[in-house]
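What the coordinates show
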Amino acid sequence: MRLLLADDQTVVRAGFRALLDTGDDLVVVAEAADGGQAVELARTTRPDVVLMDIRMPRTDGLEATRRIVADPALAAVRVLVLTTYEADEYVFEALRSGAAGFLLKDVEPDDLRAAIRTVAGGHSLLAPSVTRRVIEEFARLKAPEADARRRLEPLTAREREVLAMVGRGLSNDEIGARLLMSPLTAKTHVSRTMTKLGARDRAQLVVTAYETGLVRAGEH
């Protein structure tokens, strides 16, 4: 797996490179000192995963993530946000921006390598300390967007049910059990929902479920 490191601190990039270059299946192909450089290097090196810091000069990691996600040529590139900041708005904005995962920089080396493999495999991931409750608490402060409900119009009634369950953190197995269908059928519904909403992964489905008011904070 090809990795791009984006962090404005040289020492931090060197530390991550030392940790990651030791694995047989991981190789750091480029380093960026700011978000703009990260976007350009993503276009020229086509990494599998970008490890993206949030606070960087000129262009920050959130804006860089948005640019990478919006570029059709970089559709296969996944962004894993790494930061020392655990503030709610950073978590939510990272996911809204299209990040596939969010980890704090104090993550253990083995957990970091596992997270990279998880994200590269097409799955979403959050730091253990960043739970669904964090997203709920931030969502509680935000009223649903005025036109948010219209974003759900392409979905069937069943797909809305599935989206709500994804928003509540249920797995495909749990969705299947609730709706009396196989996990494979549940997975198919999730995939169709992602396609119709233009979501890259389940993390973005969770954000959409809250933004549209389909799932509300504190709701079970």
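These notes cover the structure that comes with them. None of these values were measured; they are calculated from a predicted model. (Residues numbered from 1 in each chain as written. Predicted model: local features only at pLDDT ≥ 70, side-chain atom pairs only at ≥ 80, totals over all residues. Heavy atoms only, no water.)

Examining the pattern of salt bridges
Applying the stated criterion across every chain yields a total of 16 salt bridges. Between Asp7 and Lys105 there is a salt bridge, with the nearest N and O atoms lying 2.7 Å from each other. Of the two residues, Asp7 is situated in the loop between strand S1 (2-6) and helix H1 (10-20) and Lys105 in the loop between strand S5 (101-104) and helix H5 (109-120); the sequence distance between them amounts to 98 residues. The class for Lys105 is partly exposed, based on a relative accessible area of 21%. Here Arg58 and Asp34 are joined by a salt bridge, their closest N and O atoms 2.9 Å apart. Note that Arg58 is positioned in the loop between strand S3 (49-52) and helix H3 (61-70) and Asp34 in the loop between strand S2 (27-32) and helix H2 (35-45), a separation of 24 residues in sequence. Residue classification places Arg58 among the exposed positions, given a relative accessible area of 73%. The class for Asp34 is buried, based on a relative accessible area of 10%. (Salt bridge = Lys/Arg side-chain N within 4 Å of Asp/Glu carboxyl O. Helix = DSSP H or I, 4+ residues; strand = E, 2+ residues; numbered from the N terminus. Buried < 20%, exposed > 50% of the residue type's maximum accessible area, 1.4 Å probe, protein only.)

So, unusual backbone geometry
Not every positive phi belongs to a glycine, and Arg58 is a case in point at roughly 65°. Of note in the backbone geometry, Leu180 takes a positive phi value of approximately 55° without being a glycine. Relative to the assigned elements, Leu180 resides in the loop between helix H8 (172-179) and helix H9 (183-197). On the basis of relative accessibility, which here comes to 79%, the residue Leu180 falls in the exposed class.

Considerations on the packing of H8 against H9
Interaxial distance between H8 and H9 falls to 8 Å at its minimum, and their mutual angle equals 105°. The angle between the axes of H8 and H9 places the two elements in the roughly perpendicular class. Note on element contacts: H9 touches H8 through Pro183, Ala186, Lys187 and Val190, opposite Asn172, Asp173, Ile175 and Gly176. (Axes fitted to C-alpha atoms, helices over the stretch in contact; angles between N-to-C directions. Parallel < 35°, antiparallel > 145°, perpendicular 65-115°, else oblique. Contact = heavy atoms within 4.5 Å.)

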